[in-house]
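Reading the structure
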Amino acid sequence: MGRDVKPPLTTIPPHVVAVEDYRTLAKERLSSMAQAYLHGGSGDEITLKANRQAFEQTAIIPRILRDLGEGNTRLELFGQSLAHPILAAPTAFHHLFHPEGEIATARGISALEGLMVVSTSATETLEDISRHCQNPPWFQLYIQPDKAATVALLRRAEAAGYHAIVVTADAPLHGLRNREQRAGFQLPPHIQPVNHPPAPAASESNDIFSSPLVRQAPTWDDLRWLRQQTSLPLILKGVMHPGDGLMAREAGMDGLIVSNHGGRTLDTVPATLTVLPAIREATGPDYPILIDGGIRRGSDVFKAIALGAQAVLVGRPIVDGLASAGAVGVAHILRILHAELALTMVFAGTPQLQDITPDTLQLS
Ligand code: FNR
Ligand code: LAC
């Protein structure tokens, strides 16, 4: 209240050089409520911090004098040819952060040949967002209690040219977001998820188990059912246990995302980077694995790939870019991360993504 909130920038000042700089710019442009929603995590934010610490504490051991002539960051993922392995994670309510919402995000990502994963809780229609994406985007699906509603979303995504479906399985409820509660966070009435039917009202009762969200939370049976409903690649998001990685594979999922929802669901879950090797081990060498949580540098992307990921997703940095400068900010965030990844690969002596193996890291 009473705080001056600056308008989004239209050009990027030259001193803005790293993802971290955008966090500051975004803070100056968001209400304290929107900041709490974007930058906060659950509980004491132990997991939120752990995601970062895991990257900070992992060291790269460079190799020198290697031939870098054929260097590039390209990859193939689910039949898509991508310029780099840095995807935009699904994040909700972009109109909370910028007046152009998800359209600005899609434009910014497309300017850098990036890939957008569109949230079920987007504030623009999934059809409009797809029209602004250069690479066919992926659609993040929350399985709805009503099967017909789930199928309706799937069919819309298919018709709008989405390339894959990301099924988020780690958030049957909103996490214990103390930071949001302290800031009094509420979604302004004019900002609504326009693509899916309203969720059942959160239970006022203290008996969490009687809440419809919990009683109707999806199960592995629903995932097997979903597999029968579409021929698009299905990617399971929210895997933290090797056993669940194996079950994802057995349930016919085409890949998975190691994720703790950016420390926004259960607190004191481990950092995603630390569970990645065991999940890679359980699912075998060729199973597509992505990871998110705390990626803020190109060297973090490198470390995730070294420990077994094909690609990464970034959540808050994309939204910081959006809040700071709309499409221009989003594009710059991706440009920074891509350039840092390439720079890391040069210094590490790994000209292509497949050269980034575990022995590029100092494992303690
Ligand atoms: C999210 N995330 C998320 N995930 C999802 O599957 N559907 C969603 O609608 C959202 N919404 C959402 C909103 C905001 C503001 C944030 C920050 C995150 C989680 C997201 O996809 C991703 O897992 C994390 O954001 C990754 O961590 P970092 O990169 O933010 O640290
Ligand atoms: C979040 C939900 C929307 O993390 O997934 O805020």
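Quick note: structure is the one above.
Being a predicted model, the structure only gives us computed values, none of them experimental.

With that settled, the discussion passes to the site of ligand 1. Pro90, Ser119, Thr168, Asp292 and Arg296 are the nearest of the 22 residues found near ligand 1. A distance of 2.7 Å separates an oxygen atom of ligand 1 from a polar atom in the side chain of Ser119. In the model, an oxygen atom of ligand 1 is placed 2.7 Å from a nitrogen or oxygen of the Thr168 side chain. For ligand 1, whose unbound accessible area comes to 600 Å², protein coverage reaches 98%. Grouping the amino acids of the shell around ligand 1 by side-chain chemistry returns 7 nonpolar, 10 polar and 5 charged.

Let us look at the sheet that holds strand E6 (residues 138-141). Two strands in a sheet stick together by hydrogen bonds in their backbones, pointing the same way (parallel) or opposite ways (antiparallel). Sheet architecture is open: 8 strands sit in the order E4-E11-E10-E9-E8-E7-E6-E5, paired in parallel fashion. In this open sheet, the two strands that pair with only one neighbour each are strand E4 (86-88) and strand E5 (117-118). The sheet contacts of helix H11 (residues 272-283) involve strand E8 (234-239), strand E9 (255-258) and strand E10 (289-292), and relative to E10 the element is tilted by about 170°.

All told, the structure shown has 5 aromatic pairs when counted by the stated rule. Relative to Phe93, the ring of Tyr37 lies with its centre 5.9 Å away and its plane at 45°, an arrangement referred to as tilted. Here Tyr37, found in helix H2 (residues 32-39), pairs with Phe93, found in the loop between E4 and helix H4 (101-111); they are 56 residues apart in sequence, far enough to count as distant. For Phe93, a relative accessible area of 13% corresponds to the buried category. Here Tyr37 and Phe185 contribute two aromatic rings whose centre-to-centre distance is 4.8 Å and whose plane-to-plane angle is 5°, an arrangement assigned as stacked. Here Tyr37 is found in helix H2, whereas its partner Phe185 is found in the loop between helix H7 (178-183) and helix H8 (212-215), with 148 residues between them in sequence. Considered together, Tyr37 and Phe185 belong to a single accessibility category, that of buried residues. Taken together, the aromatic side chains of Tyr37, Phe93, Phe97 and Phe185 make up a single cluster linked through ring pairs. The ring of Trp225 carries Lys147 above its face, with NZ or CZ at 5.0 Å from the centroid. Stacked on the ring of Tyr37, the Lys or Arg Arg264 has its end atom at 4.8 Å from the ring centre.

Moving on to the pairing of E6. The alternating pattern of E6 places Trp138 and Gln140 on one face and Phe139 and Leu141 on the opposite face, and all of these are buried. Note: E5 against E6, 2 bridges, orientation parallel. Looking at E6, one finds that Val118 is bridged to Phe139. One crossover worth recording links E5 to the parallel E6 by way of helix H5 (residues 126-131), and it is right-handed. Pairing analysis gives 4 bridges linking E6 to strand E7 (residues 164-168), with the strands arranged parallel.

Looking now at the layout of surface pockets. Estimates place the volume of the second largest pocket at around 360 Å³. If you trace the second largest pocket, you find 19 residues lining it, with Glu20, Arg23, Leu48, Arg52 and Arg296 closest to the centre. Of all the secondary structure elements, the ones that give two or more residues to the lining of the second largest pocket are helix H1 (19-27), helix H3 (46-56) and helix H13 (316-348). Per-element accounting of the lining of the second largest pocket gives the leading share, 5 residues, to H3. Taken together, the residues of the lining of the second largest pocket sort by class into 3 nonpolar, 5 polar and 11 charged.

Cut-off values and rules
- Residues numbered from 1 in each chain as written.
- Chains lettered and ligands numbered in written order.
- Predicted model: local features only at pLDDT ≥ 70, side-chain atom pairs only at ≥ 80, totals over all residues.
- Heavy atoms only, no water.
- Near = heavy atom within 4 Å.
- Polar contact = N/O pair within 3.5 Å; in protein donor to acceptor, adjacent residues only side chain to side chain.
- Areas by Shrake-Rupley, 256 points an atom, 1.4 Å probe, with all protein chains shown as cover.
- Nonpolar A, V, L, I, M, F, W, Y, C, P; charged D, E, K, R; others polar.
- Pairing = 2+ DSSP bridges.
- Helix = DSSP H or I, 4+ residues; strand = E, 2+ residues; numbered from the N terminus.
- Contact = heavy atoms within 4.5 Å.
- Axes fitted to C-alpha atoms, helices over the stretch in contact; angles between N-to-C directions.
- Phe/Tyr/Trp six-rings, centres within 6.5 Å; stacked < 30°, edge-to-face > 60°.
- Buried < 20%, exposed > 50% of the residue type's maximum accessible area, 1.4 Å probe, protein only.
- Lys NZ or Arg CZ within 6 Å of the ring centre and 35° of its normal.
- Right-handed = clockwise from strand over helix to strand, strands pointing away.
- 1 Å grid on protein atoms, 1.4 Å probe; cavity = no way out; pocket = protein on both sides within 12 Å on 5 of 7 lines; lining within 4 Å.
- Points joined across faces, edges and corners; volume = space filled by probe spheres on them.

Read these as geometric descriptors, not functional statements.
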